[in-house]
Amino acid sequence: MNKTPSSTYKIRFNDCDMFGHLNNARYLDYMINARQDHLQEEYNFDITEYYKNNIGWVAGSHEIVYLKPALYNEAVSIQSQLINADTFLLHVETIMTDADRKHVKAVMRTKLIPVNIQTGRRKAHKPELLEWVLSLIDTESDLKADFQERIKQVIHQSKQNNKIYLL
């Protein structure tokens, strides 16, 4: 099972500022959409099936650092992975690089909270879902490092290898 799926996206004109840089807020959209694509393509996990059963996830927080601009019409690679999970939380890391994976564009960590869509209140993950989710975490890597340390790791790795192999 691929625990670190990635895919390529093209930066669109309407997502850019007047300098041709991807707008800061749009990084979140690209990275969240990539994770949704990865869930569907790699794990056949369709979020809409959960929504139909009044289960969803809301973003509790995002931490993001912008390292290099993503530019209009540029192809970027986005990798996502689950770094931690428990009964009431999913913690996802997403990394955007250039298509050749030589330059890190942005690193984001998102905490997702499961909720009942009808009540808007927190709802625990069902045990069978949590068991599957926990199987997606790469236990071989040090992904629980704090965010600033992880950014240093990713930057160091890119300088060492002249190409980023993010796991």
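Above this note sits the structure.
Below is a short write-up of the structure. (Residues numbered from 1 in each chain as written. Predicted model: local features only at pLDDT ≥ 70, side-chain atom pairs only at ≥ 80, totals over all residues. Heavy atoms only, no water.)

## Focus on the overall build of the protein
Then step 1. A count of helical and extended segments in the protein gives four helices and five strands.
Then step 2. Listing each helix as α and each strand as β along the protein from the N terminus yields β-α-α-β-β-β-β-α-α.
Then step 3. The globule rule puts the C-alpha radius of gyration for 167 residues at 15 Å, and the 16 Å found for the protein is close to it.
Then step 4. With the C-alpha coordinates aligned to their principal axes, the bounding extent of the protein is approximately 45 × 35 × 25 Å.
Then step 5. Within the protein, the fraction of its 167 residues that count as buried is 42%.
Then step 6. Partitioning the intrachain contacts of the protein with sequence separation of at least 6 by distance along the chain shows that 70% fall at a separation of at least 24. (Helix = DSSP H or I, 4+ residues; strand = E, 2+ residues; numbered from the N terminus. Rg over C-alpha atoms; globule rule 2.2 N^0.38 Å. Buried < 20%, exposed > 50% of the residue type's maximum accessible area, 1.4 Å probe, protein only. Contact = heavy atoms within 4.5 Å.)

## Considering the layout of surface pockets
Then step 1. As a volume, the largest pocket reaches approximately 430 Å³.
Then step 2. Around the largest pocket sit 23 residues that line it, and Arg35, Leu39, Ile47, Trp57 and Leu112 are the ones nearest its centre.
Then step 3. Tallying contributions element by element places helix H1 (residues 24-43) first for the lining of the largest pocket, with five residues. (1 Å grid on protein atoms, 1.4 Å probe; cavity = no way out; pocket = protein on both sides within 12 Å on 5 of 7 lines; lining within 4 Å. Points joined across faces, edges and corners; volume = space filled by probe spheres on them.)

## Structural notes on the packing of aromatic side chains
Then step 1. Scanning all chains against the criterion turns up seven aromatic pairs.
Then step 2. Ring geometry for Tyr27 versus Tyr66: centroids 4.9 Å apart, planes at 70°, classification edge-to-face. Taken together, the positions of Tyr27 in helix H1 and Tyr66 in strand S2 (residues 55-66) put the pair 39 residues apart, joining distant regions of the chain.
Then step 3. On the basis of relative accessibility, which here comes to 3%, the residue Tyr27 falls in the buried class.
Then step 4. Seen from their ring centres, Phe45 and Tyr50 are 4.9 Å apart, and the 25° between their planes marks the pair as stacked.
Then step 5. Ring pairing ties together the aromatic residues Tyr43, Phe45, Tyr50, Trp57 and Trp132, which thus form one cluster. (Phe/Tyr/Trp six-rings, centres within 6.5 Å; stacked < 30°, edge-to-face > 60°.)

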